[in-house]
Amino acid sequence: MRIKSTARFFLYAILVAMAASPAFALGEGNRNLLLIGLMGLSPLLVLRFKRFHKTDVWLGVFMLSLIAAPMLNQPQSMRWSTVLYSCMFCFTFMAYTRLLYFSRFTIHKYHKLLTYLIYAYFIVLLIQQFCVLTGLPIFNLSNYNPIEPWKLNSLAAEPSHSARIVALLMYCYISMKELILNRNYNLRKDFKSDKWVWLAFLWTMLTMGSGTAYVFIPIVLLKFIQKKNILPLILLLTIMLVVINSLGITAIDRTFKVFMATLTLNPEAIIEADHSASIRIIPFIILASMLSLKTMNGWLGHGVDYVSTFLSDFISGVPQGISGGGLFQVWIEYGFVSFALFVGFCYTLKKKDALTMIFWFMLVFSYGINNQIVWLCIILLFTNNYFNKLITFKKI
């Protein structure tokens, strides 16, 4: 019983620390110091809760490749702090898989936790909006620009992070509700019982002031694309557009301009559309043009933090040392071997439906490996798949 309660405590701690970044815990580079402290305990948890999982092999070999690739090909670039930080995320996932088994975590507890996290983002955002309205000091504030007073971060480091996390939480909430009900989620039938969750989700996404939210709302709603649901979805989207227009929110207009500019693959056009968004998009275009399997650097990488040595030359108005390019960064810095190992690891984790793949692409492939949102997505998709297999097995 003591093992079970200890495992459950640390499981909840990992999930909450991955899903939220309170302002008081943010360090340099928006790193979540609470999460880092918890990750520091992960090797001890792996040793305490002994249970092998097939993903351990993938992660073990991947961690070895992160160490071996720069040592073999670009030893002068080796930065142990960067590599060990990546290994801490890997060990945290390994600890989580063990905790999930030893805690006897149920789908109902998981579903309830997702609900509470969605509510938490909603409540903190409401408090922040009240503070802006009344001129009070803004609660839990980080990465705030007074020029855009209603662009608020809620429980994440910045508004765009909140948009991604809340959308992922809502997708997982709906997926688990389907497993609990043993049927597809029916927007008409189930909206009544879930109305407060939907209110929390839509209010947070529509009023946080982030253009990213308007990308992820349709992704979540893709879950309901069926002939019988098309009219309600059109009605819901119409209401959303009316509300956005009446509030004078310009984020959706920026999102559309960025989307159209991205189709041109022209960095200057993307920067002109939205400089902030361009910092996330342009590195993909640049690094994709550099990928190669014809050289040793292509297989073992150009060295740790190599991307940060040149990326600022391609994007105006950003500080030197900026990095990006998602998983392409892993390929460029550590080589194709490490890139392939990480993608192979991810492939073993998730249910292979289209919407899960979209979330994986948007929240894992589009980021580097040393990012909280990446590992939150990996952990939640793994947990979804865990319960999906568990319930399917019980039916058999």
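To keep things clear, this report deals only with the structure shown in the data block. Since the structure is predicted, the reported quantities are computational estimates derived from the model, not experimental observations. (Residues numbered from 1 in each chain as written. Predicted model: local features only at pLDDT ≥ 70, side-chain atom pairs only at ≥ 80, totals over all residues. Heavy atoms only, no water.)

The number of helices and strands found in the chain is 19 helices and zero strands. Per-residue burial for the chain yields a buried fraction of 53% across its 396 residues. Taking contacts inside the chain between residues at least 6 apart in sequence as the whole, the part at least 24 apart equals 73%. Carbon together with sulfur atoms contributes 68% to the accessible area of the chain, which is approximately 18,800 Å² in total. (Helix = DSSP H or I, 4+ residues; strand = E, 2+ residues; numbered from the N terminus. Buried < 20%, exposed > 50% of the residue type's maximum accessible area, 1.4 Å probe, protein only. Contact = heavy atoms within 4.5 Å. Areas by Shrake-Rupley, 256 points an atom, 1.4 Å probe, with all protein chains shown as cover.)

The subject of this paragraph is the environment of Lys257. By the secondary structure assignment, Lys257 is in helix H12 (residues 251-264). The spatial distance from the C-alpha of Lys257 to the C-alpha of Glu272 is 9.3 Å, given a sequence separation of 15 residues.

As a further point, take helix H1 (residues 2-19). Compared with the 26 Å implied by 1.5 Å per residue over 18 residues, the 26 Å span of H1 between its first and last C-alpha is a close match. Of all the positions in H1, only Ala7, Phe10, Leu11, Ile14, Leu15, Ala17, Met18 and Ala19 are classed as buried. (Expected span 1.5 Å × (residues − 1).)

Another aspect to go through is the packing of helix H9 (residues 195-207) against helix H10 (residues 213-221). Running from amino to carboxyl end, H9 crosses H10 at an angle of 150°, the nearest separation of the two axes being 9 Å. On the basis of their axis angle, the class for H9 and H10 is roughly antiparallel. Between H9 and H10, the residues in contact are Trp198, Phe201, Met205 and Leu206 and Ala213, Tyr214, Phe216, Ile217, Val220 and Leu221, respectively. Taken together, the residues of the contact of H9 with H10 sort by class into 10 nonpolar, no polar and no charged. (Axes fitted to C-alpha atoms, helices over the stretch in contact; angles between N-to-C directions. Parallel < 35°, antiparallel > 145°, perpendicular 65-115°, else oblique. Nonpolar A, V, L, I, M, F, W, Y, C, P; charged D, E, K, R; others polar.)

Further remarks concern the packing of aromatic side chains. Counted by the stated rule, this structure contains 34 aromatic pairs. Each ring, one from Phe49 and one from Phe102, has its centre 5.4 Å from the other, and the planes form 50°; the classification is tilted. Of this pair, Phe49 sits in the loop between helix H3 (42-48) and helix H4 (55-73) while Phe102 sits in helix H5 (residues 80-102), placing them 53 residues apart in sequence. A relative accessible area of 22% places Phe102 in the partly exposed class. Between Phe62 and Phe342 the ring centres are 5.2 Å apart and the planes differ by 45°, which places this aromatic pair in the tilted class. Residue Phe62 is located in helix H4, and its partner Phe342 is located in helix H17 (residues 336-347); the two are separated by 280 residues in the primary sequence. With relative accessibility at 1%, the residue Phe342 sits in the buried group. Three or more aromatic residues joined by ring pairs form one cluster here, namely Phe284, Trp299, Phe328, Trp331, Phe336, Phe339, Trp360, Phe361 and Phe365. Geometry around Tyr85 places Arg31 over its ring, the cationic atom sitting 5.5 Å from the centre. If you follow Arg48 out to its NZ or CZ, it ends over the ring of Phe49, 5.4 Å from the centre. (Phe/Tyr/Trp six-rings, centres within 6.5 Å; stacked < 30°, edge-to-face > 60°. Lys NZ or Arg CZ within 6 Å of the ring centre and 35° of its normal.)

Attention shifts here to the side chain of Ser154. Inspection of the secondary structure assignment puts Ser154 in the loop between helix H6 (107-134) and helix H7 (159-181). In contact with Ser154, not counting residues within four places along its chain, are Tyr121, Val124, Leu125, Gln128, Asn140 and Ser162.

All right, on to the pattern of salt bridges then. Taken as a whole and assessed by the stated rule, the structure comprises five salt bridges. A salt bridge links Asp56 to Arg98, with the shortest nitrogen-to-oxygen separation between them at 2.7 Å. With a gap of 42 residues between them, Asp56 in helix H4 and Arg98 in helix H5 connect regions that are remote in the sequence. (Salt bridge = Lys/Arg side-chain N within 4 Å of Asp/Glu carboxyl O.)

What follows is about unusual backbone geometry. You will see that Asn143, though not glycine, has its phi angle at about 50°, which is positive. In this fold, Asn143 is placed in the loop between H6 and H7. Residues other than glycine seldom take positive phi values, yet Ser154 does so here, at roughly 55°. Residue Ser154 is classed as buried on the basis of its relative accessible area, which comes to 1%.

Their axes nearest at 11 Å, the elements H1 and H6 cross at an angle of 35°. In this structure, the crossing between H1 and H6 has a hand that is right-handed. Only Lys109, Leu113, Leu117 and Tyr121 of H6 make contact with H1, whose side of the interface consists of Arg8, Tyr12, Leu15, Val16 and Ala19. The residue inventory of the contact of H1 with H6, partitioned by class, reads seven nonpolar, no polar and two charged. (Left-handed = near helix turned anticlockwise from the far one by under 90°.)

With 124 residues, the main nonpolar core has Trp198, Met205, Phe342, Phe359, Trp375 and Ile378 as its most contacted residues. By residue number, the principal contributor to this core is H7, which donates 13 residues. Residue contacts for Phe342: discarding those within four places in its chain leaves Phe62, Leu327, Val364, Ile369, Trp375 and Ile378. (Core = buried A, V, L, I, M, F, W, Y, C linked by side-chain atoms within 4.5 Å.)

Here the focus is the environment of Gly303. Position of Gly303 relative to the elements: it lies in the loop between helix H15 (296-300) and helix H16 (327-334). Between the C-alpha atoms of Gly303 and Leu66, which are 237 residues apart in sequence, the distance is 10.0 Å. Gly303 has contacts with Gln74, Ser77, Ile332 and Glu333, leaving out every residue within four places of it along the chain.

For Glu178, the position within the fold is in helix H7. According to the relative accessible area criterion, Glu178 is buried, its value standing at 16%. Polar side-chain contacts of Glu178 include one of 3.0 Å to the backbone nitrogen of Tyr185. A distance of 3.1 Å separates the side chain of Glu178 from the side chain of Lys223, its partner in a polar contact. Excluding its chain neighbours within four sequence positions, the residues that come into contact with Glu178 are Arg183, Asn184, Tyr185 and Lys223. (Polar contact = N/O pair within 3.5 Å; in protein donor to acceptor, adjacent residues only side chain to side chain.)

Right, let's get into a nonpolar patch on the surface. Among the surface-exposed residues, Leu126, Trp196, Leu199 and Trp203 lie close enough to one another that they form a single nonpolar patch of about 400 Å² accessible area. At three residues, H9 tops the list of elements feeding residues into the nonpolar patch. Here Trp203 lies in helix H9. Residue Trp203 is classed as partly exposed on the basis of its relative accessible area, which comes to 36%. (Patch = residues over 30% accessible without salt bridge, like charges linked within 9 Å, V, L, I, M, F, W, Y side chains within 5 Å.)

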